[in-house]
Amino acid sequence: MNVLFFLTPKSEVAHLHDDWTLRQGVEKLERSGYTAIPLIDREGHYIGTITEGDILRVLKKRYDMNLRSAENVSILSVERKVDIQPVSIGATMEDLVRMAMNQNFVPVIDDNNIFIGIVTRKDIIRFCYERYVEKQNQEDGIFQKGD
């Protein structure tokens, strides 16, 4: 199965830019309603994923939970606890499933390392469930015919 079959394109994905401030990142994350969000540079390269936990840790550790004092702080200064690696558009279904077991989405890049979108864990589970149901229906149909 092709990764593009599952892809939510970049145009539909909330993301941060590397030249944003920590405050802009917090506001974007809050508006998006997600707990993790991709970080890309202005050329479109995937840099990593920032989570709510990453932001809370840096606000607590460095800025005494004061968002106003973080208005001029680069989003790049946020230390990421987990390094979420992207997959290429040529990734296999096995690659997607393995990565989605530990994260909510899998970032996807093209051959030039440009971020093109994400594959969500929900879409992967839906695909696996539909294949499971198809297989069960086939087996039930074969069993019933043999009665």
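Everything that follows concerns the structure shown earlier in this document.
What counts and what doesn't
- Residues numbered from 1 in each chain as written.
- Predicted model: local features only at pLDDT ≥ 70, side-chain atom pairs only at ≥ 80, totals over all residues.
- Heavy atoms only, no water.
- Helix = DSSP H or I, 4+ residues; strand = E, 2+ residues; numbered from the N terminus.
- Rg over C-alpha atoms; globule rule 2.2 N^0.38 Å.
- Buried < 20%, exposed > 50% of the residue type's maximum accessible area, 1.4 Å probe, protein only.
- Contact = heavy atoms within 4.5 Å.
- Lys, Arg positive; Asp, Glu negative; His and termini not counted.
- Charge placed at Lys NZ, Arg CZ, Asp CG, Glu CD.
- Core = buried A, V, L, I, M, F, W, Y, C linked by side-chain atoms within 4.5 Å.
- Phe/Tyr/Trp six-rings, centres within 6.5 Å; stacked < 30°, edge-to-face > 60°.
- Salt bridge = Lys/Arg side-chain N within 4 Å of Asp/Glu carboxyl O.
- Pairing = 2+ DSSP bridges.
- Axes fitted to C-alpha atoms, helices over the stretch in contact; angles between N-to-C directions.

Trainee: Can you break down the overall build of the protein residue by residue, with the values?
Mentor: Looking only at helices and strands, the protein features four helices and seven strands. Listing each helix as α and each strand as β along the protein from the N terminus yields β-β-α-β-β-α-β-α-β-β-α. Against the compact-globule benchmark of 15 Å for 147 residues, the protein has a radius of gyration of 19 Å, which places it well outside the compact range. Taken across its 147 residues, the protein has 39% of its residues classed as buried. Here the analysis covers contacts within the protein between residues at least 6 apart in sequence; of these, 53% occur between residues at least 24 apart. Averaging the coordinates of the 19 positive side-chain charges in the protein and doing the same for the 23 negative ones gives two points 5 Å apart.

Trainee: Lay out the nonpolar core with the relevant residues and their values.
Mentor: Among the nonpolar cores identified, the biggest contains 16 residues, and L16, L22, I50, I55, I75 and V78 are the most heavily contacted of them. At the level of elements, α1 (22-32), β3 (36-40) and α2 (52-63) are the ones that each hand at least two residues to this core. Not counting residues within four places of it along the chain, the set of residues in contact with L16 comprises G25, K28, I37, P38, L39, I40, I50 and I75. Grouped together as the second largest cluster of nonpolar side chains are 13 residues, V3, V106, V108 and V119 included.

Trainee: I'd like to hear about the side chain of Q103, residue by residue, with values.
Mentor: When you line up the elements, Q103 lands in the loop between α3 (93-100) and β6 (105-109). Residue Q103 is classed as buried on the basis of its relative accessible area, which comes to 12%. In this view, Q103 contacts I84, Q85 and R121; residues no more than four positions away in its chain are not counted.

Trainee: Break down the packing of aromatic side chains for me, citing the residues and quoting the values.
Mentor: The geometry of an aromatic ring pair comes down to the distance between the two centres and the angle between the two planes. Across all of its chains, the model carries three aromatic pairs by this definition. Centroid distance F6 to F127: 5.1 Å. Interplanar angle 85 degrees. Geometry classified as edge-to-face. Of the two residues, F6 sits in the segment before β1 (8-9) while F127 sits in helix α4 (residues 121-145), which places them 121 residues apart along the sequence. In terms of burial, F6 and F127 fall into one category: buried. Pairing Y46 with F115 gives two aromatic rings, centres 6.1 Å apart and planes at 20 degrees, and the pair type is stacked. In this pair, Y46 sits in strand β4 (residues 46-51) while F115 sits in strand β7 (residues 115-120), placing the two residues 69 residues apart along the sequence. Each member of the aromatic cluster is reached from another via a ring pair, and the members are F5, F6 and F127.

Trainee: Please set out the pattern of salt bridges residue by residue, giving values where relevant.
Mentor: Throughout the structure, instances matching the rule amount to seven salt bridges. The residue D19 makes a salt bridge to R42 at a minimum N-O spacing of 3.1 Å. Highlighted residues: D19 in the loop between β2 (16-17) and α1 and R42 in the loop between β3 and β4, separated in sequence by 23 residues. What makes D19 partly exposed here is its relative accessible area of 47%. Residues joined in a network through salt bridges with shared partners are R23, E27 and E71.

Trainee: Please provide a residue-by-residue account of the sheet that holds β6, values included.
Mentor: Ordered by their spatial adjacency, four strands build an open sheet running β1-β7-β6-β5, and the pairing between neighbours is mixed. Of all the strands in the sheet, the pair left with one neighbour each is β1 and β5 (87-88). Across two bridges, β1 lies against β7 in antiparallel orientation. Bridge pairing in β7 links P9 to G117. Sheet contacts for α3: β5, β6 and β7; angle to β6, the most-contacted strand, approximately 135 degrees.

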